[in-house]
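Results of the structural survey
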There are 2 protein chains.
Amino acid sequence: MKVVSEVRSHGGRQLVLTHDSAATATGMTFSLFLPPQAEQGRVPLVTYLSGLTCTHANVTAKGEYRAACAAHGLAFLAPDTSPRGEGVADEEGWDIGLGAGFYVDATEAPWSSHYRMWSYVTEELPALVATEFAELDMDRQAITGHSMGGHGALTVALRHPGRFRSCSAFAPIVAPTRVPWGQKAFDRYFGGDPDLSRRHDAVALIGDGARVDHLLVDVGGSDPFLDKELRPELLVEACEQSGIPATVRVQKGYDHSYFFVSSFLGEHLAWHAAHLG
Amino acid sequence: MKVVSEVRSHGGRQLVLTHDSAATATGMTFSLFLPPQAEQGRVPLVTYLSGLTCTHANVTAKGEYRAACAAHGLAFLAPDTSPRGEGVADEEGWDIGLGAGFYVDATEAPWSSHYRMWSYVTEELPALVATEFAELDMDRQAITGHSMGGHGALTVALRHPGRFRSCSAFAPIVAPTRVPWGQKAFDRYFGGDPDLSRRHDAVALIGDGARVDHLLVDVGGSDPFLDKELRPELLVEACEQSGIPATVRVQKGYDHSYFFVSSFLGEHLAWHAAHLG
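Bear in mind the structure is a predicted one, so any value in this text is a computation, not a measurement.

Some words on the confidence of the model for chain A
The predicted coordinates should not be examined in detail at positions where pLDDT is low. Averaged over all residues, the pLDDT of chain A equals 98, while 100% of them reach at least 70. With a pTM of 0.97, the predicted complex shows an ipTM of 0.95.

Take a look at the structure:
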């Protein structure tokens, strides 16, 4: 692992790091914020999964999370959204391939050689940061994400019961098997395999019995993707039927951008902090 | 004036606007944040002047000012740093020409035809926003800025007694006539004219009797430009000799970037709000 950059911010350390990933068989870059409290003892970790077209850099520059992380003593981990580099498959368009890994392990060629973001974010990256940063208390974790990363946060939390004390999301894709972005991605990455697809669909997972302990979701009321791609009403229905204690809010006037995410990320982090103790 | 974009953020409206400037004889773009309180009545205005290489967009994306503006009911105005467009003079290097207007009215060719940022930020832009946005209480103004924009904030406040209730700056160039960035700029824009140069040098202006009511300055202790370009000790000395109530802090470990600015901009805005009433 190499340090690409380290700067002081909000009393803590904002790092950007790179390493050779076994999961993706590429180099991978991520950012990690260590709050001032990490100099005194171990701190909980919030993982943030980013959306389509993003890298670690978008939320790191525009997410406005450091003030809340410093106030509540939270570390903040932001991985990339896909493998990148020579030999990594891509396809025209911004909703598939580079920047659009959908947090799955692809089974179909040409994607299967590198697009293994599920293994990367659920296994390799947590193990790496746990080893490299003794400041992190891996027994106190939370997860959140935006759009495609909200899908990632939900599915990762649902399939790892007990690992995350709380899960939140911004404008998540809650039912990828039923919307164009997800159908296209799962067609490419799984050849549309229905069983694999179902295991990466939050609403389907809840229907199949998966649970999270605490769930908070914000969606912008003026998000142009609301009705066609996000469909938060399907998540509300699934949580009601399954008894998952969920707060799903439609924030009037907000769009899909980081102007929306940054407006509520501080509040999400305070909510995670309350659950992380 | 045309609206380039408007998004909801932190309960308010983040606007980007463009207009034809008489001062610069070019189009000019700026951003304006109106906090939620502007829907109920008039709000004070904080003007933020950006540094070398920046446009309005840097602080708008990375400044993390909206949470504090919404908390304290402050509007936040961020102009560009130079004229831009066809026919606007430029020169190789990032510290002169485009993105480097230094908030002066140039007198030397080829700069004098468009580089009139002093007139733009002190006269034309305030008059424009006062006319277009009845929500702004122009009797309650504060000013701040970063690096070259810290120089701008200081000189604009010093030469407009009574207009700004408070002035702050991040890593400002406090004595441009004595440092390479300022000497190069004033050589190009004024042909080095000593009288004009002196009227755009904060430390010299204070020596000549100019005053501000309240001054807060933060500088990063690991800022690579600290000793050669910023020289905060000259401002401290000038304030001590002149009786200006100034707080000048060197923030240990911080650099010159927006990771530094965003760490303290919220605190500056709370301080401005206290003076703005």
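Structure's up, so let's keep going.
Comments concerning the state of the cysteines
Residues and elements named next belong to chain B. Under the definition given, this model contains 0 disulfides over all chains. Left without a disulfide partner, Cys 69 is nearest to the cysteine sulfur of Cys 167, which lies 16 Å away. Distance from the sulfur of Cys 167, which forms no disulfide, to the nearest cysteine sulfur (Cys 239) is 9.6 Å. Taking the relative accessible area as the measure of exposure, Cys 167 reaches 1% and is therefore buried.

A look at helix H9 (residues 232-242) of chain A
Residue and element names in this part refer to chain A. When H9 is considered as a whole, its buried residues turn out to be Pro 232, Leu 234, Leu 235, Ala 238, Cys 239 and Ser 242. Buried residues along H9 cover an arc of 155 degrees about the axis, so they all sit on one side. Exposed residues pointing more than 90 degrees away from the buried face of H9 are listed as Glu 240 and Gln 241. Packed against the buried residues of H9 are helix H4 (148-158), helix H7 (202-207), strand S8 (215-220), helix H8 (226-230) and strand S9 (246-251). One or two positions beyond H9, positive phi appears at Gly 243, with a value near 80 degrees.

What to know about the sheet that holds S8 of chain A
Residue and element names in this part refer to chain A. Spatial strand order, S1-S2-S3-S5-S4-S6-S7-S8-S9: 9 strands in an open sheet with mixed pairing. Here the strands that pair on one side only, and so sit at the sheet edges, are strand S1 (2-9) and S9. On average, each strand axis in the sheet is tilted by 20 degrees relative to the strand beside it, whichever way the strands run. With 4 bridges connecting them, strand S3 (residues 26-34) and strand S5 (residues 75-79) associate as antiparallel partners. Bridge pairing in S5 places Phe 33 opposite Phe 76. The strands that helix H3 (residues 117-132) touches are strand S2 (12-21), S3, strand S4 (43-49), S5 and strand S6 (136-145); relative to S2, the one it contacts most, it runs at about 120 degrees. Strands S4, S5, S6, strand S7 (164-170), S8 and S9 of the sheet are contacted by helix H10 (residues 258-276), whose axis makes an angle of about 165 degrees with S7.

Concerning the environment of Ala 142 of chain B
Residues and elements named next belong to chain B. With respect to the element layout, Ala 142 can be found in strand S6 (residues 136-145). On the accessibility criterion, Ala 142 (0% relative accessible area) is buried. With 122 residues separating them in the primary sequence, Ala 142 and Asp 20 have C-alpha atoms 25 Å apart. In contact with Ala 142, other than residues within four places in its own chain, are Leu 45, Val 46, Thr 47, Phe 164, Ser 166, His 272 and Leu 276.

Observations regarding the sheet that holds strand S1 (residues 2-9) of chain B
Residues and elements named next belong to chain B. Taken in spatial order, the 9 strands line up as S1-S2-S3-S5-S4-S6-S7-S8-S9 in an open sheet, and their pairing is mixed. Two strands in the sheet have a free side with no partner beyond their single neighbour: S1 and strand S9 (246-251). Averaged over all adjacent pairs, the angle separating strand axes in this sheet is 20 degrees, with direction ignored. Together, strand S2 (12-21), strand S3 (26-34), strand S4 (43-49), strand S5 (75-78) and S6 form the strand contacts of helix H3 (residues 117-132), whose direction differs from that of S2 by roughly 120 degrees. Lying on the sheet, helix H4 (residues 148-158) is in contact with S4, S6, strand S7 (164-170) and strand S8 (215-220); it crosses S6 at an angle near 135 degrees.

Structural notes on the pattern of salt bridges
The full count for this structure, using the stated rule, is 28 salt bridges over all chains. In this structure, Arg 84 of chain A engages Asp 80 of chain A in a salt bridge whose closest nitrogen and oxygen atoms are separated by 2.7 Å. The partner of Arg 249 of chain B in a salt bridge is Glu 267 of chain B, and the shortest N-O contact between them spans 2.7 Å. Of the two residues, Arg 249 of chain B sits in strand S9 while Glu 267 of chain B sits in helix H10 (residues 258-276), which places them 18 residues apart along the sequence. Through salt bridges with shared partners, a single network forms among Glu 6, Arg 13 and Glu 135 of chain A.

The rules behind these values
- Going along each chain's sequence as written, the residues are numbered from 1 onward.
- Starting at A for chains and at 1 for ligands, labels are handed out in the order in which the entities are written.
- Residues qualify for local features only when their pLDDT is at least 70, as the model is predicted, and side-chain atom pairs are given and counted only at 80 or more; totals for whole chains, interfaces and linings, by contrast, use all residues.
- Where side-chain values are given, they derive from all heavy atoms of the structure, hydrogens and water being excluded.
- By definition, pLDDT measures how confident the predictor is in each residue, and it falls between 0 and 100.
- When the sulfur atoms of two cysteines come within 2.5 Å, that pair is taken as a disulfide.
- For every residue, the accessible area obtained with a 1.4 Å probe (protein chains only) is divided by the maximum for its type, and the residue is called buried under 20%, exposed over 50%, and partly exposed between those limits.
- The helix and strand labels rest on DSSP assignments: H or I over at least four residues marks a helix, E over at least two residues marks a strand, and numbering proceeds from the N terminus.
- Arc, as used here, means the arc of the directions from the helix axis to the C-beta atoms.
- Two residues form a contact once any of their heavy atoms are found within 4.5 Å.
- Any two strands with at least two DSSP bridges between them are considered paired.
- Here an angle of 0 to 180 degrees is reported between the N-to-C directions of two axes, which are lines fitted to C-alpha atoms, with helices fitted over the stretch in contact.
- Salt bridge criterion: a side-chain nitrogen from Lys or Arg within 4 Å of a carboxyl oxygen from Asp or Glu.

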